[in-house]
Amino acid sequence: MRRNWSAAALTGVLAVSVLAGCGGGGDDAGSDSGSDGKITLGFSQVGAESGWRTANTKSIQESAASAGIDLKFSDAQGKQENQISAIRNFITQKVDVIAFSPVVTSGWDAVLKEAKDAGIPVILTDRAVDSQDTSLYKTFIGSDFIVEGEKAGDWLVKEYEGKTEPVNIVELQGTTGSAPALDRQKGFAEKIAANPNFKIVKSQTGDFKRADGKTVMETFLQSTPDIDVLYAHNDDMGLGAIEAIEAAGKKPGTDIKIITVDAVKDGMTALSEGKINFIVECSPLLGPQLMDLVKKVDAGEEIPTRVLTEETTFTQAQAKEALPTRQY
Ligand code: GZL
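Bear in mind that the values here come from a model prediction, so they are computed numbers and not experimental data. (Residues numbered from 1 in each chain as written. Predicted model: local features only at pLDDT ≥ 70, side-chain atom pairs only at ≥ 80, totals over all residues. Heavy atoms only, no water.)

This paragraph deals with the side chain of serine 50. By the secondary structure assignment, serine 50 is in the loop between strand S1 (40-45) and helix H1 (51-67). Note on serine 50: relative accessible area 6%, which makes it buried. If we skip the residues at most four places from it in the chain, serine 50 touches Phe208, Asn234 and Asp236. (Helix = DSSP H or I, 4+ residues; strand = E, 2+ residues; numbered from the N terminus. Buried < 20%, exposed > 50% of the residue type's maximum accessible area, 1.4 Å probe, protein only. Contact = heavy atoms within 4.5 Å.)

Printed below as a string of structure tokens:
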């Protein structure tokens, strides 16, 4: 069961000190760094499916370099089996710390137990796992995806306040079984239940990919003539859907209101142009905080069992203001 971190219970935005002992993980008293004194970090990345992921990889690689941490980086191309074999390789190589972004929530206990038995601490980044045994990892650094879904739902409820007409919503879900897809769907559904006129008429995965978002939106448009709103779990699928909407002769942001999550540059540009109506930010810039946690874990220091990343939301006007200084 994934820890349910209610945002209300977690104060602060950067490091939430929910200290429970050492926060689980191996019973190492702080592993020695590599022979050259440098910490070796094994990192298994989901893949390169979206603009968010590209920015996340850049943040991790650049932060490791500036922190003087020796990074062994593996791209799983979206496959859990590749992540599991990468983690096993890191164990064989006796890295000091392992970090990874689990592509899906389940199926990790065995390999995490192997890391724990090898005395190698593990840090979850970006996405959570549903392991019952929270001693299998030291901490989880990333967003609260339920809150992200709630923010999207909240905006829609306010957008239609006082109106009585039925509102047909279609939803492009992220990768099936991934924490962001499960929780963004849950948070959004809970919030829009406030308005009985809201109806999610279609909901299907676009795997967080622009191309898949376009093809799925094409099927939505063919099967559901009167779509009022699209809720896409990330900008990339929303951008793909915009291509399909325009090809169908409709105006994205006007004929069909669009809400997405991430706030990467391409999404923010579409928002500033009025093709998207609202974006919930999900920061990929986890690198600096991750490297700080890696150093603490390697030194055997106590760390929070949950580190919540700071993020906000953007309207069309706010996107115009923010774009010039966006880092990703
Ligand atoms: C969220 C991250 C998601 C992004 C997508 O933290 O896991 O995966 O929202 C990315 O863009 O593909």
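Moving on from the coordinates now.
Taken together, 13 residues lie near the ligand, and Glu49, Asp126, Arg127, Arg184 and Asp262 sit nearest. The side chain of aspartate 126 places a nitrogen or oxygen atom 2.3 Å from an oxygen atom of the ligand. Arginine 184 places a polar side-chain atom, nitrogen or oxygen, 2.8 Å from an oxygen atom of the ligand. Those elements giving two or more residues to the shell around the ligand turn out to be H1 and helix H5 (179-192). Its residues assigned to classes, the shell around the ligand shows 5 nonpolar, 2 polar and 6 charged. Split by domain, the residues of the shell around the ligand number at least three in each of domain 1 (4-143 + 284-311) and domain 2 (145-282). (Near = heavy atom within 4 Å. Polar contact = N/O pair within 3.5 Å; in protein donor to acceptor, adjacent residues only side chain to side chain. Nonpolar A, V, L, I, M, F, W, Y, C, P; charged D, E, K, R; others polar. Domains from an automatic or database assignment.)

So, on to the packing of helix H2 (residues 80-92) against helix H3 (residues 109-117). The interhelical angle for the contact between H2 and H3, taken along N-to-C directions, is 10°, at an axis separation of 10 Å. The angle between H2 and H3 falls in the class roughly parallel. Each of Ile84, Ile87, Arg88 and Ile91 in H2 lies in contact with H3, whose residues at this interface are Val111, Glu114 and Ala115. The class makeup of the residues in the contact of H2 with H3 is 5 nonpolar, no polar and 2 charged. (Axes fitted to C-alpha atoms, helices over the stretch in contact; angles between N-to-C directions. Parallel < 35°, antiparallel > 145°, perpendicular 65-115°, else oblique.)

Per the counting criterion, the structure on display carries 17 salt bridges. Between glutamate 49 and arginine 127 there is a salt bridge, with its nearest N and O atoms 4.0 Å apart. On the criterion of sequence distance, the pair formed by glutamate 49 in the loop between S1 and H1 and arginine 127 in the loop between strand S4 (122-125) and strand S5 (139-142) is long-range, its members being 78 residues apart. For the pair shown, glutamate 49 and arginine 127 are each scored as buried. Note that arginine 184 is salt-bridged to glutamate 148, the shortest N-O span being 2.7 Å. With arginine 184 in helix H5 and glutamate 148 in helix H4 (residues 145-159), this residue pair connects regions lying 36 residues apart in the sequence. (Salt bridge = Lys/Arg side-chain N within 4 Å of Asp/Glu carboxyl O.)

Turning our eyes to something else, we now look at the packing of H1 against helix H9 (residues 287-298). A pair of packed helices can be characterised by two numbers: the angle between their axes and the separation between those axes. Where H1 meets H9, the axes come as close as 8 Å, and the angle between the chain directions of the two elements is 45°. Comparing their axes, H9 and H1 come out oblique. Between H1 and H9 lies a crossing whose hand is right-handed. Packed against H1, whose contacting residues are Ser59, Ile60, Ser63, Ala64 and Ala67, the element H9 presents Gly287, Pro288, Leu290, Met291 and Lys295 at the interface. (Left-handed = near helix turned anticlockwise from the far one by under 90°.)

Inspection of the secondary structure assignment puts serine 135 in the loop between S4 and S5. The exposure class of serine 135 is buried, given its relative accessible area of 18%. Within the local environment of serine 135, its side chain forms a polar contact with the side chain of lysine 116, the two groups lying 2.7 Å apart.

Neither face of S5 is exposed, since Thr139 and Ile141 on one face and Phe140 and Gly142 on the opposite face are all buried. Sheet topology places S4 next to S5; 3 bridges connect them, and they run parallel. Directly across from threonine 125, in S5, lies its bridge partner isoleucine 141. Where S5 meets strand S11 (residues 306-308), 3 bridges bridge the pair, whose relative direction is parallel. Looking across to S11, one finds that isoleucine 141 is bridged to valine 307. (Pairing = 2+ DSSP bridges.)

For the structure on display, the rule yields 5 aromatic pairs. On the numbers, 5.8 Å between centres and 10° between planes, the contact of phenylalanine 43 with phenylalanine 73 is stacked. One end of the pair, phenylalanine 43, is in strand S1; the other, phenylalanine 73, is in strand S2 (residues 70-75), with 30 residues separating them in the sequence. Since its relative accessible area comes to 0%, phenylalanine 43 is described here as buried. Given the relative accessible area of 29%, phenylalanine 73 is considered partly exposed. Where phenylalanine 188 meets tyrosine 231, the ring centres are 4.0 Å apart and the plane angle is 20°; that geometry is what we call stacked. (Phe/Tyr/Trp six-rings, centres within 6.5 Å; stacked < 30°, edge-to-face > 60°.)

The next subject is H1. For H1, which comprises 17 residues, the first-to-last C-alpha distance of 24 Å matches the rise-based estimate of 24 Å (1.5 Å per residue) to within 8%. Along H1, the positions that sit buried rather than exposed are Trp52, Arg53, Ala55, Asn56, Thr57, Ser59, Ile60, Ser63, Ala64 and Ala67. Looking at the packing, one finds that the buried side of H1 touches S1, S2, helix H7 (235-247), strand S9 (257-262) and H9. Positive phi appears at glycine 68, one or two residues downstream of H1, with a value of about 70°. (Expected span 1.5 Å × (residues − 1).)

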